[in-house]
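Coordinates in review
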Amino acid sequence: MGVRNLSFYLILMAGAAYIATQGLDLWDSGYIIGYSWRMAEGALPYKDFFYKGPPATLFLWSIGVKVLPVWGQYYFLKLINWLLFGWQTQLWLAGIERGLAWKIPNRNLIGWIGVVFSVQFFPMYPWPTTDGLLYSAIAFYLWTLCFKTYKINFYILWIGLFSIAAALTKQSFYAVPVAFLCATALRYPWRTVGYLFLSQLLGLGLFLGALTSFTTLENFLSHTTGETTLSALIYSGVINYFTAYQQLEILWISLFCLVLAWGIWVLKMRYRWEKSLQLLALCFGIYGIIWAVVFSFQEGSRLLWLGIVIGMMALLGTKTNRHKASVFGLVLAVAWCAAISLGYPFPILMGTSLLVLFLWLLQTHFPSYTSLAQGILIIGIICGTAYQYQPYAELPLNELHYDLGTVSPKLAGIKTSKVHYEKWQELQKLQRQFRHKTPIVAPNMALFYYAMDIQNPLPADWLLNWEIHRDPKTLLEIASSTENVIFVEKSFVRGNEHFMPQKREDFSMVTDYIVRHFRLQQETKHFLIYNGTPLDAPLPQTSSPRTLP
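So, here is what we can say about the structure in this document. Every value quoted in this text rests on a predicted model; they were computed, and no experiment measured them.

Turning next to a nonpolar patch on the surface. Where nonpolar side chains cluster on the molecular surface, the patch consists of Leu230, Leu233, Ile234, Val238, Ile239, Phe242 and Trp252 and spans about 640 Å² of accessible area. No other element matches the 6 residues that helix 11 (residues 230-243) contributes to the nonpolar patch. Looking at the secondary structure, you find leucine 230 in helix 11.

Once that is clear, we can look at the packing of aromatic side chains. One pass over the structure, following the stated rule, counts 28 aromatic pairs. Taken together, a centroid distance of 5.3 Å and an interplanar angle of 85° make the contact between tyrosine 46 and phenylalanine 220 edge-to-face. Placement of the pair is tyrosine 46 in the loop between helix 2 (31-40) and helix 3 (56-67) and phenylalanine 220 in helix 10 (residues 217-224), with a sequence separation of 174 residues. Comparing tyrosine 46 with phenylalanine 220, the two get one shared label, buried.

Let's shift gears to the environment of alanine 183. Mapped onto the fold, alanine 183 is located in helix 8 (residues 176-187). Discounting residues that sit within four places of it in the chain, alanine 183 has contacts with Trp143, Ser326 and Leu330.

Another point: the environment of alanine 335. Mapped onto the secondary structure, alanine 335 falls in helix 15 (residues 322-339). For the pair alanine 335 and phenylalanine 207, spaced 128 residues apart in sequence, the C-alpha separation works out to 24 Å. Residues contacting alanine 335, with those up to four places away along its chain left out, are Trp305, Pro347 and Met350.

Time to look at the sheet that holds strand 5 (residues 519-523). With mixed pairing, 4 strands are arranged side by side in an open sheet as 3-4-6-5. Of all the strands in the sheet, just strand 3 (438-442) and strand 5 have a single pairing partner and so form its edges. Within this sheet the neighbouring strands show an average axis-to-axis angle of 30°, counted without direction. Bridging between strand 4 (residues 484-489) and strand 6 (residues 527-531) involves 5 bridges; their strand directions are antiparallel. When the sheet's bridge partners are listed, phenylalanine 487 is paired in strand 6 with isoleucine 529. Across the sheet, helix 18 (residues 418-433) lies against strand 3, strand 4, strand 5 and strand 6, angled at about 25° from strand 6, the strand it touches most.

Thresholds, definitions, all that
Residues numbered from 1 in each chain as written. Predicted model: local features only at pLDDT ≥ 70, side-chain atom pairs only at ≥ 80, totals over all residues. Heavy atoms only, no water. Patch = residues over 30% accessible without salt bridge, like charges linked within 9 Å, V, L, I, M, F, W, Y side chains within 5 Å. Areas by Shrake-Rupley, 256 points an atom, 1.4 Å probe, with all protein chains shown as cover. Salt bridge = Lys/Arg side-chain N within 4 Å of Asp/Glu carboxyl O. Helix = DSSP H or I, 4+ residues; strand = E, 2+ residues; numbered from the N terminus. Phe/Tyr/Trp six-rings, centres within 6.5 Å; stacked < 30°, edge-to-face > 60°. Buried < 20%, exposed > 50% of the residue type's maximum accessible area, 1.4 Å probe, protein only. Contact = heavy atoms within 4.5 Å. Pairing = 2+ DSSP bridges. Axes fitted to C-alpha atoms, helices over the stretch in contact; angles between N-to-C directions.

All quantities given are derived from atomic positions and should not be read as evidence of function.
This is the structure:
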């Protein structure tokens with residue numbers, strides 16, 4: 001590792017060491033760690049608890065939970081994830097350099113700014129999407145390594161295995177192995193594509209062998225399908241790139257004027273269509289960056305992605321540039337996979353790579369302006385971040401003063417807001433008060449069981465409708481035991497949870513049933529306490545797939 005690369009990680013670690021302490025939402029931060037802790041304690045997904053995604057992320061982070069010390073463990077898990085994100089960013093940049101035969105100017109500086117652009121609103125807790133990006137980055141780096149060494153037969157095995165590993169983090173990454181096959185077909189003979197396909201089949205076979213050692217394929221498929229409608233996937237993967245903007249009228253009026261000006265200019269200059277498309281790509285990219293700084297970084301990343309798509313189309317039009325189009329295509333495909341989500345439908349987590357591809361397009365046409373563009377880009381992202389930054393589902397940084405280490409040693413070092421700290425303190429007191437019973441928290445705060453070292457009697461930690469395997473009946477039958485005590489967040493009863501629909505039952509029908517039919521025993525500032533109660537009222541039979549917000 002060179003001095004410059006080492007400096008990248010040192011500066012990244014210094015920033016991450018601070019940012020990782022800031023904020024702990026009560027929404028989904030504990031979801032993956034809670035289930036990873038279950039696995040570290042011997043439980044298995046699909047068999048012992050509900051999990052709606054492929055299991056690669058849980059297996060990865062269960063190792064961290066198992067080997068890291070208890071004190072400050074959650075902080076160190078976040079810090080590790082920050083460093084892994086920085087590493088995969090460097091893998092993408094190194095691969096792009098090799099794939100385009102182009103040395104990225106000020107690569108480390110672009111890498112730092114790109115990380116800020118990509119993750120400024122994300123708390124960087126372990127998450128399937130970032131793990132999918134990590135495995136994809138390793139496969140991409142190895143794929144471009146073949147460009148100069150031509151050791152395709154050696155690397156092809158690992159490219160196939162890591163592309164399958166990416167697919168096993170999240171359903172939206174199922175397309176990643178296909179993307180690698182398509183990109184390989186653009187650059188190599190069909191025989192090489194066949195070898196890659198065989199290596200992917202090997203990876204899939206290894207996974208299925210491990211899976212069927214503890215559960216059935218049918219059980220796995222029942223957990224990992226049916227939670228999202230086709231219309232929601234089409235919206236997330238296609239429609240929202242054109243319609244999901246807060247200032248939609250401003251967007252389309254200004255875009256129309258921009259495209260009109262582009263059309264007049266290319267007709268006047270009589271450019272060939274390839275160059276015309278590349279100029280249009282630059283227009284979209286510049287507009288996306290401006291939109292990011294002025295309005296929303298996440299929305300701006302969509303416009304930047306569309307610009308890079310146009311740039312790839314221009315490259316595909318010439319035989320001499322098709323190998324470069326394969327690099328564009330892989331980056332775009334992985335960014336698209338990462339953005340297929342109803343919770344975070346933005347390609348911004350691949351923002352660093354998208355920015356670098358934009359700079360490559362810029363320097364091919366305006367090489368003398370590349371340094372100026374870099375400077376403006378860096379200043380704009382810093383200013384935009386300073387203006388827009390706020391920790392995910394938390395209060396601003398200047399209000400995060402309360403260390404959660406007083407609640408649990410695992411949460412030591414994590415600073416949170418007064419309201420969140422009070423809720424955690426109340427849970428700690430309630431757990432001690434009802435120590436003769438088994439506590440259940442509903443519907444959120446999935447990190448509770450991990451933080452307090454309590455085995456959840458339910459097969460689900462997060463009781464939202466789309467996280468319970470469409471089986472509220474089983475959860476309520478277990479919760480009804482008189483050995484249980486249920487702590488229900490008042491914020492749910494009031495209807496002011498994040499992303500909560502108008503009807504409580506559309507958010508968590510399990511919690512709604514408990515509030516309506518279980519026996520209320522006690523009330524605190526933030527919680528309603530219910531005893532396990534016999535199930536006299538009719539039980540809900542299934543929960544509906546998640547729909548558009």
